Amino acid sequence: MPRIHLLDRATAELIAAGEVIERPSSVVKELVENAIDSGATAITVEIQSGGVRFIRVTDNGCGILREDIPKAFLRHATSKVLTPEDLGEIGTLGFRGEALASICAVSRVELLTRTKEEALGSRYQIHGGEEKELDDAGCPLGTTILVRDLFYNVPARMKFLKKDSTEGNAVATLLDRLALSHPEISFQFLREGQRKLHTPGDGKLLSAIYGVYGGEFGGSLIPVEGQGAFGGLSVSGFITKPECAKASRSMEHFFINHRYVRSGTMMAALEEAYKNSLMVGKFPGCVLNLEIPLGMVDVNVHPAKLEVKLSDERQVFNGVLNACKGALSSLGNVTMARDAAGRQSRLSWFEIKNRPFAGEQQRMTPEEYRKAAALPAREHPPEKRQEPPREKKTAPVLTSVPASKLPDPAPAPILQDDRQEAKARYEASVPKREFLRPVRPPSVSVPKEIVPEPPASPAPKPPELPSLRLIGEVFRTYILAEGERELFLIDKHAAHERILFERLRADQTAGGISRQLLLTSIRISLSKDRYDALVQNLQAAEEAGFGIEDFGDGSVLVREVPSILEIGQVEDAVLEMAELLFKNHTHLNLDFFDELYHSIACKAAVKGNRFSDAREQQRLLDQLAADPGIRNCPHGRPVMIALTRRELEKMFGRIV
């Protein structure tokens, strides 16, 4: 039998380092978290060869006193935890005292640091855990750590590293998350000498989001501003509009007390808030921070601190759910055309340079417009371009000029029409039209899903639908209506489907779905397994608005159905209900009824490609106006899309 012996210090340090430092991104994570804990307001990270050969992290934090520098590289040396009681309320990102010791054990480390109490800084070198030098150095306030040749003394770990581009991407992803969690800090990331990230550090989360992901993601967000704060919890951040959902969960970012975490509880609450508003296979995006008392969360359960334990997961779930549902309820009926198209509009170089100063229509000759439209997006023209001579025109031609080159006002003839005069002439030339304000029937309060505790602050009210003038129907599927500055397109099937779906849910909660007694019972035959599932759950069918009796031999008699169903739709609805019961017979819940109501509402709603008269169209507008919360059908498709007058005029080249 092999004898038991103690490992030497160097071997033990290498083994311990492997638990903390797995790849270059692990080094960057530990160093940047220390920089954040030091009170830095600006942090710069630079890597080469994916971080394997070179990592430099610079901050303007408090620095390290010279006498504490050698001690900082010892294992379990920290300034953030002193007693066992401190582990119960950890408010810093780092606390274990293992990072610097693990890093220096597997690399060559150089430290430059100075505190405000010291006139001279310090330079410290330690390679593979062995001290090399501690001397004076001139350096600014703060700390700079250089890590070279990662895993140079651990070949077994080195061979498992991925290629440089993959390791560099892992570092970039890490810094994106850290920048989102601390918008008050300006982050810079240099990769192979090129700046890949720079956030302003102005304390505004939206600024950090734009710095990390750009305008396409940032422009799709709506704010979550503390709704659902109760019991000491507060949720803030941004979530995407339903029509801007993503194909994966990669854009879901959760933070607890400004620490990035993987939280199944927060993820489930977020997606529950979007229930019946997203298409199948789509997921919301978010940047959400949960402020929670330190005693309610334990961050010391995962080596990388990515997973946490919560003392009251139900309270966290309800807080995030209420906050997100409150933000979504403020959207109203209308989906903008640019969002429904799945992308944000991008301005070309020509559009940026030639945008009208105050919204006036720009007048151009056909030749000028053809030349302008031919310019590719984002193309920068040469600094000096020779224009061919042009014959003088009798009519004036106005072009956009940068504001800095505009001449001083002079008593010259006005060449552009005044906006008010143009509007007056337009109104005088067009017959007066009355905009019909939809008649609002008595509002029906749709109960929300059962939540143990109400939100502390009331959810914002969604914007009301503006006064609309009904234009008519297009392709027997879409209703057209005109507002003051927008053209509205309503998918009549999607809108009616959502209205019926909400009515069914409200009726069930209020005491029962409105039903109709059939003059002649309908006999429906089912497969043996579906028949068995249905007859064992006749009470669930009763709650869904169906009166069904067992007729034996694999068939049932349907005597009552929801009043919104037509006779020809009954058999399909019962067959689908039996299918759902077969799949969910052991755990009937709200999901079962929601799926069933989806099916019933879809079958009962007015169909596309079928003619609807003006009264039916107007009635649908009235119903939408009565419930501003109707934005998507139960399958996630938008109900109403708005196309602004400006967007139309850009399409036709009236403005550029």
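Residues numbered from 1 in each chain as written. Predicted model: local features only at pLDDT ≥ 70, side-chain atom pairs only at ≥ 80, totals over all residues. Heavy atoms only, no water.

**Some thoughts on the nonpolar core**
- Membership of the largest hydrophobic core comes to 55 residues, with the highest contact counts inside it found for Val32, Ile43, Val45, Phe73, Leu175 and Phe187.
- Counting residues per element, this core draws most heavily on helix α6 (residues 164–181), at seven residues.
- Among all residues touching Val32, those that are not within four sequence positions of it are Ile43, Val45, Val57, Leu175, Leu178 and Phe187.
- One finds Ile522, Leu534, Phe546 and Val561 within the second-largest nonpolar core, a separate group that totals 36 residues. (Core = buried A, V, L, I, M, F, W, Y, C linked by side-chain atoms within 4.5 Å. Buried < 20%, exposed > 50% of the residue type's maximum accessible area, 1.4 Å probe, protein only. Helix = DSSP H or I, 4+ residues; strand = E, 2+ residues; numbered from the N terminus. Contact = heavy atoms within 4.5 Å.)

**Brief notes about the side chain of Glu118**
- Of note, Glu118 is situated in the loop between β3 (108–114) and β4 (121–127).
- Arg66 provides the closest opposite charge to the buried, salt-bridge-free Glu118, at an N-O distance of 5.4 Å.
- Discounting chain neighbours no more than four positions away, the residues touching Glu118 are Ile64, Leu65 and Arg66. (Lys, Arg positive; Asp, Glu negative; His and termini not counted. Salt bridge = Lys/Arg side-chain N within 4 Å of Asp/Glu carboxyl O.)

**Remarks on the sheet that holds strand β20 (residues 515–525)**
- Within the open sheet, the three strands sit side by side as β20-β22-β21. Their pairing is antiparallel. The outermost strands of the open sheet, each flanked by one partner alone, are β20 and β21 (547–552). Each adjacent strand pair in this sheet contributes to an overall mean axis angle of 15 degrees, direction not counted.
- Pairing of β21 with strand β22 (residues 555–562) involves five bridges; the strand directions are antiparallel. What sits directly across from Gly547, in β22, is Glu560.
- Sheet contacts for helix α17 (residues 570–584): β20, β21 and β22; angle to β20, the most-contacted strand, approximately 65 degrees. (Pairing = 2+ DSSP bridges. Axes fitted to C-alpha atoms, helices over the stretch in contact; angles between N-to-C directions.)

**Some points on the sheet that holds strand β19 (residues 486–491)**
- Pairing in this open sheet of five strands is mixed, and the strands run β16-β23-β19-β18-β17 from one edge to the other. Of all the strands in the sheet, just β16 (334–336) and β17 (469–474) have a single pairing partner and so form its edges. Taken over all neighbouring pairs, the strand axes of this sheet differ in orientation by 30 degrees on average, direction set aside.
- Sheet analysis places strand β18 (residues 478–482) next to β19, joined by five bridges and oriented antiparallel. Bridge pairing links Ile479 to Ile490 in β19.
- Helix-sheet contacts for helix α14 (residues 492–510) involve β17, β18 and β19, and the interaxial angle to β19 is about 65 degrees.
- Here helix α19 (residues 614–626) sits on the sheet in contact with β17, β18, β19 and β23 (640–644), set at roughly 120 degrees to β17.

**A look at the packing of aromatic side chains**
- All told, the structure shown has three aromatic pairs when counted by the stated rule.
- Measuring from centroid to centroid gives 5.3 Å for Phe73 and Tyr124, while their planes differ by 40 degrees, and the two rings are tilted. Placement of the pair is Phe73 in the loop between α3 (69–72) and α4 (99–105) and Tyr124 in strand β4, with a sequence separation of 51 residues. Just as Phe73 is buried, Tyr124 falls in that class too.
- With a centroid separation of 5.7 Å and 65 degrees between ring planes, the pair formed by Phe255 and Tyr260 is classed as edge-to-face.
- Residue classification places Tyr260 among the buried positions, given a relative accessible area of 16%. (Phe/Tyr/Trp six-rings, centres within 6.5 Å; stacked < 30°, edge-to-face > 60°.)

**Thoughts on the pattern of salt bridges**
- Under the defined criterion, the tally for this structure stands at 25 salt bridges.
- Among the ionic pairs, Arg66 bridges to Asp136, the shortest N-O distance being 2.2 Å. Note that Arg66 is positioned in the loop between β2 (54–59) and α3 and Asp136 in strand β5 (residues 130–137), a separation of 70 residues in sequence.
- On the basis of relative accessible area, Arg66 is assigned to the partly exposed category, the value being 28%.
- For the salt bridge of Arg249 with Glu271, the shortest nitrogen-to-oxygen distance reads 2.6 Å. Remark: Glu271 occurs in helix α8 (residues 264–273) and Arg249 occurs in the loop between β10 (234–240) and β11 (252–256); sequence separation between them is 22 residues.
- Judged by its relative accessible area of 22%, Glu271 falls in the partly exposed class.
- The network of salt bridges with shared partners includes Lys275, Arg498, Glu502, Arg505 and Asp594.

**Here's the deal with the environment of Ala604**
- Within the fold, Ala604 resides in helix α18 (residues 590–604).
- The sequence separation of Ala604 and His493 amounts to 111 residues, and the corresponding C-alpha distance is 9.6 Å.
- The residues touching Ala604, leaving out its near neighbours within four places in the chain, are His496, Leu500, Ile564, Leu565 and Gln569.

**Considering the confidence of the model for the chain**
- Scored by pLDDT, the chain has a mean of 77; 72% of the residues are at 70 or more.
- The low-confidence segment residues 375–420 (pLDDT under 50) makes 35 contacts with residues lying over four places distant or belonging to another chain.
- Note that residues 429–457 has pLDDT below 50 and, in this model, 53 contacts with residues that lie over four places away or in other chains. (pLDDT = per-residue confidence, 0-100.)

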